[in-house]
Structure formats: structure tokens, C-alpha cells
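Residue-level structure breakdown
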Amino acid sequence: MAAPSERRSSERRRLLDLKARSTLAGEASAASAEVERALEDAADPRAAAFFDVDNTIMQGASIFHLARGLYRREFFTTREIASAAWKQAYFRVMGVEDPEHVADARNSALQFIAGHTVAELEELSEEIFDEAMAHRIWPGTRALAQMHLDAGQRVWLVTAAPVEIARIIAGRLGLTGAMGTVAEHENGVYTGRLVGDMLHGPAKAEAVRALAEREGLDLDRCSAYSDSANDLPMLTLVGDPCAVNPDRRLRKHAKEHGWRVRDYRTARKAARAGLMVGAAAGATAGAAAGAAAAAGALRNRR
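Below you will find a few notes about this structure. (Residues numbered from 1 in each chain as written. Predicted model: local features only at pLDDT ≥ 70, side-chain atom pairs only at ≥ 80, totals over all residues. Heavy atoms only, no water.)

It is worth spelling out the nonpolar core at this point. It is characteristic of soluble globular proteins that their nonpolar side chains tend to be buried jointly. Counting 41 residues, the largest nonpolar core has Phe51, Leu70, Met133, Leu157, Ile169 and Leu175 as its most contacted members. Broken down by secondary-structure element, the contributors of at least two residues to this core are β1 (48–51), α2 (62–72), α5 (118–133), α6 (139–150), β2 (154–162), α7 (163–172) and β7 (240–244). Here this core gets seven residues from one element, more than from any other, and that element is α5. (Core = buried A, V, L, I, M, F, W, Y, C linked by side-chain atoms within 4.5 Å. Buried < 20%, exposed > 50% of the residue type's maximum accessible area, 1.4 Å probe, protein only. Helix = DSSP H or I, 4+ residues; strand = E, 2+ residues; numbered from the N terminus.)

Here it is in C-alpha cells:
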């Protein structure tokens, strides 16, 4: 049995390794972020907004919709998707609490695309977005992002999903660009390994910090939006954090610290119950309220 000093030393090494992987993942994702050329001369170049994707911009998990679409196209086997799905689900629930499962999740995260080309995945991702993701975009969150764009600020997505699908979502929504998990590839063919780690938790904050340094952003004037307490490192990095469709932990943290909270799920539940007229009005009101709040916040900061 290991002595207490040995256990502490092992834990320190594990945390340092996790931090190193998170930093590498964040820097790799920031380096791959695409910047829309038309926004080079942004009216407010020192401020920007960063949006999580899953359950923030879009209902559900983008990686799930992508994997299901790829499976239907016989991109990989049932056994491969079952194994990857379990490990990813465990990782999202447990965060960094179990290092063995984190390592498994990291090692298997994108193994199912090994041997496929980047061009092939990008082409299929375009199709899958149209058939499975476009109708899942939350109108209220979309309005918040548009308000930042209208104010002359740039808007990036920040997600644990593969950067390829993140870029497609950003492009279809007219956003500046995206940062996501970066898969290693050689000569345009995926190796099945990640660059660093998944863009999750602390890695998102590292990505935002690296991008802010590259683009000359003032993080105190920037905004960030997420549904999950896992993204607290990113949310606390900016001057204007906002909880969107928050989980219980994030809602509690947001209320304790006076953050904005926006929940667009009520209208969706009403629609499912058959209250189509009321739901439409609620969604419109939610989008308008989100837009108005964002506009007010932006004006105050400017």
C-alpha cells in the first residue's frame, strides 16, 4: 500500500498532467479557430462573446447527433459507437473525478474516425447538421449571439465536440468561428489520437485565454454563455458570464454571484404538450428578452 506522501506525489503528477493536457488542448483549439475576414475591422475589437454548444446553443449533444448520423452512413460499427458513447457519457457526468475513466474517454474520444479523411468528415458533417441539428438551435441563445455581432463584436463557439462540426455550426449561424476538440491528422487522414485533451472544463478556459491573447481581447469586457457547471473555469474568466438553460449547480452559482440566467426550455416543453401557439409566443418573447438583455449589457459596457 502506498504511503501518504507517495499518494500525494502521485496526485500532484496527475493534476499537472491534466493541466498540461488542458493547456495543450486549449492552445491547439485556439490556433485552429477561424476568424471571419469581414470582422477584422470590428467596431468593438476588444470585446467578444464565447458560447458553449450542447444545451446552450443547441438542444442536446452535438457529438451524439454527429455520431448517430455517421453511424447511419456506416462510418463505424455498432460496437465502436457503443464503447465511445459510454465513455463519453461517463466523462460528461463525472468530469475529472475518475482519472482512469478520463484517460479512457480521452483515448477513445475520436478513435472511430481513425483512417478517415478530414475532407470526408467535413462533408458528412454538413449533411448531418442540416438533417439533425439545424432545427435544434435555441432561438433565444441565437438572439443573444446576434446581439453581440450587431454590436460589432466577434462571437466564437467553444465546445468539447470535434472542431470540424463546431466550425460548421458557427458558419451556418454566421458566427466568427469555433474552438473544439482537435483530432490529430497526418496528410489529411485522422490518426485516432487527440491533440492534448478534449476541450472540456479547464481546457475551454485555456482556449479562450489563448484566443484572447492572440486577438487582443479584454476579457473583462467579454461575455461567456454555458449551461453547465463544468464550464465555470470559462465563465469566471470573463467580465460578463451568463447561465443559459443551466444545470442545478450552475443555476445556484449564478444566483449567488448575480450572473444573468436565461432559460429557454419552458417553451420547448409547452410545444411538446401541444400548446403550439403559446410555445411560439414564449419562444419569441424569450428571444426578444434575451436580445434586449444582451443589448442593454453591451451598451452599459461600451
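Let us keep going from here.
To continue, consider the environment of Ile165. Counting through the fold element by element, Ile165 comes out in helix α7. You can call Ile165 buried: its relative accessible area is 1%. The spatial distance from the C-alpha of Ile165 to the C-alpha of Ile63 is 8.4 Å, given a sequence separation of 102 residues. Leave out the neighbours within four places in its chain, and Ile165 touches Leu66, Ser125 and Met133. (Contact = heavy atoms within 4.5 Å.)

Our next topic: the sheet that holds strand β8 (residues 260–262). What links the strands of a sheet is backbone hydrogen bonding, and the strands pair in either a parallel or an antiparallel sense. Judged by pairing direction, the sheet is parallel, and its six strands sit side by side in the order β3-β2-β1-β6-β7-β8 without closing on themselves. With partners counted over all chains shown, the strands left at the sheet margins are β3 (177–181) and β8, one partner each. Sheet twist, expressed as the mean angle between neighbouring strand axes with direction ignored, is 20 degrees. Bridge count between β2 and β3: four bridges; the pairing is parallel. (Pairing = 2+ DSSP bridges. Axes fitted to C-alpha atoms, helices over the stretch in contact; angles between N-to-C directions.)

Remember that the coordinates give geometry; whether it matters functionally is a separate question.
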